[in-house]
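Report on the structure
Listed below are the residues making up each chain.
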Amino acid sequence: MNLILLGGPGAGKGTQAKKLIDLYHIPQVSTGDILRAAVKEGTEMGRKAKEFMDAGKLVPDEVVIGIIKDRLAQADAKKGFILDGFPRTVPQAEALDKVLAGLGTKIDHVVSIDVDEEALVTRLTGRRTCKNAACGQMFHVKFTPPKKAGICDKCGGELYQRDDDNETTVRNRLATYNQATAPLIGYYTQKGLVRPIKGVGSIDDIFNQIVGILAAPKCSCGA
Ligand SMILES: [Zn+2]
């Protein structure tokens, strides 16, 4: 089973990926990880990537795709894989399709864990952290409130809200993600591969939704 995993900020993509690996025994292929591995191993593509990285430049698509091709051709990816962080653009998705066709395979599902925006805003904006660095205890004004508002239960320190947990920042991050992902979702929707998952509920609720969709029989028309 060949999967692409997409997930908005706060959707718990990493956690779900780990659970999918354990269940299906397929490797997670994360661009950053395999890029670093290729550089370390000194493969041809790894050496090319290193030239760009040493120059402080972005590694171009053709090199990233070469590295992904090498990775997906390895024995442990024959049974399937979970692509994480790639593709990010439609040209990358097209190049990936070509690479997979060359390997005699294709993407089966594009799992998109969609964040419930209001739930995420509630979750993040309610977080409070103890100012006492040695303590650092976290609270949530709604879910795990301190006994006395604004004061740490553990050490009596003052509680504060991190800058990146304010509502404007959270909504901006979501908007940026949705804008960047929309063309990719469009590309895979046309191919009938997108499996939208509502990122609501517990980690297990979301995981069960994913597994249910992946296990659903496909119609004989191939859709
Ligand atoms: Zn404290």
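Everything below is about the structure shown above.
None of these values were measured; they are calculated from a predicted model.

1. Things to note about the layout of surface pockets
Looking at the largest pocket, its volume works out to about 310 Å³. Lining the largest pocket are 18 residues, with Gly10, Arg123, Gly199, Gly201 and Ile206 sitting closest to its centre. Of all the secondary structure elements, the ones that give two or more residues to the lining of the largest pocket are α1 (13-24), α6 (117-125) and α8 (203-215). The element contributing the most residues to the lining of the largest pocket is α6, with 4 residues. Looking at side-chain class alone, the lining of the largest pocket contains 8 nonpolar, 8 polar and 2 charged residues.

2. Focus on the coordination of the zinc ion
Each protein donor to the zinc ion is listed here as Cys130 (SG), Cys135 (SG), Cys152 (SG) and Cys155 (SG); together their distances run 2.3 Å. Here the zinc ion is ringed by 4 donor atoms whose angles at the metal span 96 to 113°, and the overall shape comes out tetrahedral.

3. A short note on the nonpolar core
If you look at the biggest cluster of nonpolar residues, it comprises 30 residues, and the most contacted ones within it are Ile4, Ile67, Phe81, Leu96, Ile107 and Tyr188. Those elements that provide at least two residues to this core are β1 (2-7), α2 (31-41), α3 (44-54), α4 (61-72), β3 (81-84), α5 (90-102) and α7 (167-190). It is α4 that provides the largest number of residues to this core, a total of 6 residues. Beyond its immediate sequence surroundings of up to four residues, Ile4 is in contact with Leu83, Phe86, Pro87, Leu96, Ile107, His109, Val110, Val111 and Tyr188. In this structure, Leu5, Ala17, Leu20 and Phe207 belong to the second largest nonpolar core, which totals 14 residues.

Calculation rules
Residues numbered from 1 in each chain as written. Predicted model: local features only at pLDDT ≥ 70, side-chain atom pairs only at ≥ 80, totals over all residues. Heavy atoms only, no water. 1 Å grid on protein atoms, 1.4 Å probe; cavity = no way out; pocket = protein on both sides within 12 Å on 5 of 7 lines; lining within 4 Å. Points joined across faces, edges and corners; volume = space filled by probe spheres on them. Helix = DSSP H or I, 4+ residues; strand = E, 2+ residues; numbered from the N terminus. Nonpolar A, V, L, I, M, F, W, Y, C, P; charged D, E, K, R; others polar. Donors = N, O, S within 2.8 Å, 3.2 Å for Na, K, Ca; no water. Tetrahedral: all angles 85-135°; square planar, octahedral: opposite > 155°, others 65-115°. Core = buried A, V, L, I, M, F, W, Y, C linked by side-chain atoms within 4.5 Å. Buried < 20%, exposed > 50% of the residue type's maximum accessible area, 1.4 Å probe, protein only. Contact = heavy atoms within 4.5 Å.

These figures capture arrangement, not role.
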